[in-house]
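Here is how the chains run, residue by residue.
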Amino acid sequence: MVTVANDLAGPVGAHSTQFDDGAYQAMVGLARHTASLNGFINWWSDYGIALFLVLAAVWAWRARGRGMAAQASVLWVPGAMVTAFVISALIKLAISEQRPCRVIPVGHIVAVCPGAVDYSFPSNHSVLAGAAALAVWGLDRRLGIIAVLNAVFIAFSRVYIGVHYPHDVVAGLLLGSLVAWMGWRILRAITVRRAAVAH
């Protein structure tokens, strides 16, 4: 079993009043009953982000004969991730929501509970996943389906391993997706304007 004791959960006087406390505890309970999956899900929670870069590289390889503009568009995948992460980090500092594993006495979670100043809302992993998924979707719909499924699984995994509330990951996916979508809108507007000037 890969779970570790979470001796930081539920310190004296701490409590959670989040509307999705029950959903969080149910997910942590699921992790206890599916211990054989804990190691993989914990690993993918951290490293599944790399799949988005692989998908972007696949698209870049397929598009190698389409010209510089098409090749350059793949850079929005890491670009969206970095932009969304910076925004997420600022929101985290402004809201300063404690991790559920620090305020809900669940006893054991799959991952080690992050430190007290490593805040919960929104989930950075989910923000990165949402941004990358929509950026890949903008490149190619078929690769985008794989990217979206990966983003949803990463978000699910963050609650499953015990380090985020459900609302943290939902907000993260939405924020990341919004950043990527806005970026695509801006990039396409620039492309159209350049094409109009060229003619």
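Just above sits the structure.
Reading the values: rules and limits
- Residues numbered from 1 in each chain as written.
- Predicted model: local features only at pLDDT ≥ 70, side-chain atom pairs only at ≥ 80, totals over all residues.
- Heavy atoms only, no water.
- Helix = DSSP H or I, 4+ residues; strand = E, 2+ residues; numbered from the N terminus.
- Buried < 20%, exposed > 50% of the residue type's maximum accessible area, 1.4 Å probe, protein only.
- Areas by Shrake-Rupley, 256 points an atom, 1.4 Å probe, with all protein chains shown as cover.
- Disulfide = S-S within 2.5 Å.
- Contact = heavy atoms within 4.5 Å.
- Axes fitted to C-alpha atoms, helices over the stretch in contact; angles between N-to-C directions.
- Parallel < 35°, antiparallel > 145°, perpendicular 65-115°, else oblique.
- Left-handed = near helix turned anticlockwise from the far one by under 90°.
- Nonpolar A, V, L, I, M, F, W, Y, C, P; charged D, E, K, R; others polar.
- Core = buried A, V, L, I, M, F, W, Y, C linked by side-chain atoms within 4.5 Å.

1. Observations concerning the overall build of the chain
For the chain, the count of helices and strands is 9 helices and 2 strands. Each helix (α) and strand (β) of the chain, taken in turn from the N terminus, gives the series β-α-α-α-α-α-α-β-α-α-α. The burial tally for the chain puts 48% of its 199 residues in the buried class. Total accessible area on the chain is roughly 10400 Å²; 70% of this is exposed by carbon and sulfur atoms.

2. Considering the state of the cysteines
Following the criterion strictly, the structure yields 1 disulfide and no others. Two residues, cysteine 101 and cysteine 113, share a disulfide whose sulfurs are 2.1 Å apart. The disulfide joining cysteine 101 to cysteine 113 has a torsion of about 75° about its S-S bond and is therefore right-handed. Here cysteine 101 is found in helix α6 (residues 100-103), whereas its partner cysteine 113 is found in the loop between β2 (108-109) and α7 (124-139), with 12 residues between them in sequence. Under the relative-accessibility criterion, cysteine 101 is labelled buried at 0%.

3. As for the side chain of serine 123
As for its placement among the helices and strands, serine 123 is situated in the loop between β2 and α7. Judged by relative accessible area, which is 0%, serine 123 ranks as buried. Apart from the residues lying within four places of it in its own chain, the contact partners of serine 123 are Arg158, His164, Asp168, Val169 and Gly172.

4. Here's the deal with the packing of helix α5 (residues 76-95) against α7
Where α5 meets α7, the axes come as close as 8 Å, and the angle between the chain directions of the two elements is 150°. In terms of orientation, α5 lies roughly antiparallel with respect to α7. Two packed elements cross with a definite hand, and for α5 against α7 that hand is right-handed. Where α5 abuts α7, its residues Trp76, Val77, Ala80, Met81, Ala84, Phe85, Ser88, Ala89 and Lys92 lie against Asn124, Val127, Leu128, Ala131, Ala132, Ala135, Val136 and Leu139. Here the residues of the contact of α5 with α7 are counted per class, giving 14 nonpolar, 2 polar and 1 charged.

5. Describing the nonpolar core
Tyr24, Phe52 and Val77 are the most contacted members of the largest nonpolar core, which has 52 residues in total. In this structure valine 77 touches Phe52, Leu53, Ala56, Ala132, Ala135, Val136 and Leu139, once residues within four positions along its chain are discounted.

6. Section: the environment of isoleucine 146
By the element assignment, isoleucine 146 lies in helix α8 (residues 141-160). Separated by 91 residues in the primary sequence, isoleucine 146 and leucine 55 place their C-alpha atoms 8.5 Å from one another. Residues within four places of isoleucine 146 in sequence aside, it is in contact with Leu51 and Leu55.

So, to be careful, I would describe these as geometric facts and stop short of saying anything about function.
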